[in-house]
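# Remarks on the overall topology
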Amino acid sequence: MSSTEARQRAIDLAADTMGELITFWGFKASMGRIWTLLYLSSEPLPADVIASRTALSAGSVSMALTELMQWGIVDRAPTGGRKRHFRAETDVWGIVRRVIRDRELRLVGRAVERFSEAAEILQASLDEEDDPDTRFMLERLRGLLALAQTGYMLVEGFAEVGLFNLDPIRGALAS
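### A short note on the side chain of Arg98
- Among the secondary structure elements, Arg98 is positioned in helix α5 (residues 92–128).
- Of the side chains bearing the opposite charge, Glu89 lies closest to the buried Arg98, which forms no salt bridge; the N-O distance is 4.3 Å.

Set out below in structure tokens:
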């Protein structure tokens, strides 16, 4: 097998693998394939070469590149020529932290807001009429709220420095 064939087989294998991984996060497999190709490339590539090497259509490549640029995972490389060339962001931990900050932090933040609102509704009900089932439910709901708030802090911390410390959640729902 020639070195060119070996490189292409390795790219295909790595790109397919990244496509599977990125799909788990809710992204399109084509985005993972394109990023991997660009990440493994020693120089920026134009869209037609990306399409050829990934076996994706020109339209798929164009749409995926647009999304990847919106996420800050791929950018245009200055080449001086007429064709636009693209390169991958190489700070993989930076990419992971950015995605977590932009997606997961928003999701956990929404959970905090909604658990808080649900607790307020139950508390208002208890202020009107003391009911053991409502009190029990409020206690459990406050546990979920505390867990969501702790989760928010954990995700926020990971998005900032790239580390998780799970100590704050030990026993959070034990009651």
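### Describing the environment of Ala55
- Within the secondary structure layout, Ala55 lies in the loop between α3 (47–54) and α4 (58–70).
- With 22 residues separating them along the chain, Ala55 and Ala77 place their C-alpha atoms 22 Å apart.

### Looking at α3
- All buried positions along α3 are accounted for by Ile50, Ala51 and Thr54. Axial view of α3: buried residues confined to an arc of 100°, hence all on one face.
- Packing partners of the buried residues in α3 comprise α2 (29–40), β1 (45–46), α4 and β3 (85–88).
- At the C-terminal side of α3, Ala55 shows a positive phi close to 60°.

### Some details on α5
- A rise of 1.5 Å per residue sets the reference length of α5, with its 37 residues, at 54 Å; its end C-alpha atoms lie 53 Å apart and thus fit the reference within 8%.
- At Arg101, α5 shows its maximal bend, which comes to roughly 35°.

Rules and cut-offs
Per-chain numbering applies: the sequence of each chain, read as written, is numbered from 1 onward. For a predicted model such as this one, the threshold for reporting local features is a pLDDT of at least 70, and the threshold for listing and counting side-chain atom pairs is 80 or more; totals across whole chains, interfaces and linings nevertheless cover every residue. Think of the side-chain values as coming from all heavy atoms in the structure, minus any hydrogens and water. The numbering of helices and of strands both runs from the N terminus, where a helix is a DSSP run of H or I of at least 4 residues and a strand a run of E of at least 2. Exposure is judged per residue with a 1.4 Å probe applied to protein chains only, and the accessible area is read against the type maximum: over 50% gives exposed, under 20% gives buried, and values in between give partly exposed. Only four residue types enter the charge count, namely Lys and Arg as positive and Asp and Glu as negative; His and the chain termini do not. Salt bridges are counted wherever a side-chain nitrogen of Lys or Arg sits within 4 Å of a carboxyl oxygen of Asp or Glu. Within this analysis, the arc is defined by the directions that extend from the helix axis to the C-beta atoms. Any two residues whose heavy atoms approach within 4.5 Å at even a single point are treated as in contact. Helix span is expected to be 1.5 Å times the residue number reduced by one. Think of it this way: the bend at a residue is just the angle between two axes, each fitted to seven residues, one set ending at that residue and the other starting at it.

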